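Geometric and topological summary
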Amino acid sequence: MGSVDNNVPPFHMKRMARLVQQLSHNVSSVSISEVVGGGHWFDGIVGGAVMQTFFDQHVNSSRPPLPPTFVVTTLNPATTESRGGIRILQQIRPHRISRITVTRGEDDRWILVTENVRRFGFTNVTYGMPAHFTVDGVEIPAPACLPASHYSISTSTSSLSWHLSNDGGAWEATERGPSTYGPLERILMRPLVIVVGTSTSEHSRTLRQNWAIYMANTLYYQVRHVVAVIDDVEYDAKVHGSSNLVMLGGPSSNTLAFKLGSCLPSGLGFKDENITIGSTTFSDPSTGYAFQFGCDKCTSGDASSMCAIISGTDDAGFRKGCGLFPLSSTVMVPDYAVAGPRWGYAGAGGLLAAGFWDNLWRYDCQLAYVATQDQCSSPYLPPSPSPPSSSLPGWKTALIVLGSVGGAILVGVTVLARKYWARKKEYERI
């Protein structure tokens, strides 16, 4: 750490070190390297001799053996790697907790029990592969490794059916996986191009150009992300096809967004700059939105190519949409969000909608919040059971109901009478 760090005071690091030493009863448990005159960032902060010695000591050391039972857990396969050589690649219900409980038995046999897991694979990087294994009671042949092979389960039938897939990752061309799961900030994980819509008024066009320059400059000075800014008529798939795209303006004002219409998520629609998500249309003034989607089929990119559209029902809404884009770590937006007129002062309470697309880039109300949504039916959830029909004759049912109501009234009268007599005795004593 730098001795004159004005972002994270050196006192914090020293205090943390003292706490660890105190709890471990070991003054050698933590060592601190303080560079005199160093700030929050300085040359050699990672490549210096002290840090390289630390890396060499721990990276090259032998790893501890796997325990007899361990659990692979994730909320988002895009942000987690493997444990024990097992990585979760896709969830049945996205962005809900997923687990694989692994029990290592005799004869190098592993027993896997899954929860909310659609696909997983073996990395074979650290611990090697088991000779035999079962998944949810299904015996699997000798395991194969990523990226050529993985294991998937069919969710189209009522019974579990795990099988080996040797598609080399081709499934990610049509389904979401580690490279295309949200949230919105993951669009910054690749080279980026901001595309300004020009099919609008001069005022709106200038507003979008200014926001594009502001976003590019902010990303450069914060994370050294070099971002190109172009007009929609300048887009060339041969030049920009390998980059992720952020389009300012919807299909009615951005020609590139219009051309990518066939790649938009199912359940998403536009009329002018108004947006429809599911069955709800957002058209009020000063409403903005931002969302991402897979666009490899429309941009000649690879399966991990991502696009985003930022716009609004008017210029004030467009500014709100730009405010949803994750230019800093404090802006947390899922795959899509709609900011209403109150969003500027109400914070998250001003959001009209927010959520994630499902594995097939479709709107799913179970993965969404929509302010005007009254009820939701989802393919992920079984239908609610119907109430059992009564086999009693109608007059008996009526007597039971009347008896229940009468009993409740009698209990209430009894309680009130007791309170009355208790209060009367209290007054008589006074």
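Let me begin by describing the structure that accompanies this report. What you see is a predicted model; the values in this text were computed from it and never measured.

**Describing unusual backbone geometry**
Following Leu 146, the chain continues to Pro 147 via a peptide bond in cis, the omega torsion being 5°. Following the sequence through the fold, Pro 147 ends up in the loop between β7 (138–140) and β8 (150–153). At the junction of Gly 182 and Pro 183, the peptide bond is cis and its omega measures out at 10° in the coordinates. By secondary structure assignment, the location of Pro 183 is in the loop between β9 (162–165) and β10 (192–196). The residue Asp 272 is not glycine, and still its phi comes out positive at about 55°. Checked against the element boundaries, Asp 272 lands in the loop between β13 (268–271) and β14 (274–277). The class of Asp 272 is exposed, set by a relative accessible area of 55%. The backbone phi angle of Trp 361 is positive, close to 60°, even though this residue is not glycine. Tracing the backbone through its elements, the reader meets Trp 361 in the loop between β19 (351–355) and β20 (368–370).

**Focus on the layout of surface pockets**
In this structure, the largest pocket spans a volume of roughly 630 Å³. Along the walls of the largest pocket sit 26 residues, with Met 1, Met 13, Ile 32, Ser 33 and Met 51 positioned nearest its centre. Of all elements in the fold, only α1 (10–24) and α2 (49–59) reach the threshold of two or more residues within the lining of the largest pocket. The greatest single-element share of the lining of the largest pocket, amounting to 5 residues, is contributed by α1. Its residues assigned to classes, the lining of the largest pocket shows 17 nonpolar, 7 polar and 2 charged.

**Thoughts on the sheet that holds β9**
Strand order in the open sheet formed by 4 strands is β2-β5-β8-β9, with antiparallel pairing between adjacent strands. Each edge of the sheet is formed by a strand with only one pairing partner; in this case those strands are β2 (86–90) and β9. Averaged over all pairs of adjacent strands, the angle between strand axes in this sheet comes to 30°, irrespective of strand direction. Across 2 bridges, the pairing between strand β5 (residues 119–122) and β8 is antiparallel.

**Here's the deal with the pattern of salt bridges**
Applying the stated criterion across every chain, the model contains 8 salt bridges. Among the salt bridges present, the one from Glu 81 reaches Arg 87, with a minimum N-O distance of 3.7 Å. Between Arg 362 and Asp 358 there is a salt bridge, with its nearest N and O atoms 2.7 Å apart. Residue Asp 358 is classed as buried on the basis of its relative accessible area, which comes to 2%.

Analysis parameters
Residues numbered from 1 in each chain as written. Predicted model: local features only at pLDDT ≥ 70, side-chain atom pairs only at ≥ 80, totals over all residues. Heavy atoms only, no water. Helix = DSSP H or I, 4+ residues; strand = E, 2+ residues; numbered from the N terminus. Buried < 20%, exposed > 50% of the residue type's maximum accessible area, 1.4 Å probe, protein only. 1 Å grid on protein atoms, 1.4 Å probe; cavity = no way out; pocket = protein on both sides within 12 Å on 5 of 7 lines; lining within 4 Å. Points joined across faces, edges and corners; volume = space filled by probe spheres on them. Nonpolar A, V, L, I, M, F, W, Y, C, P; charged D, E, K, R; others polar. Pairing = 2+ DSSP bridges. Axes fitted to C-alpha atoms, helices over the stretch in contact; angles between N-to-C directions. Salt bridge = Lys/Arg side-chain N within 4 Å of Asp/Glu carboxyl O.

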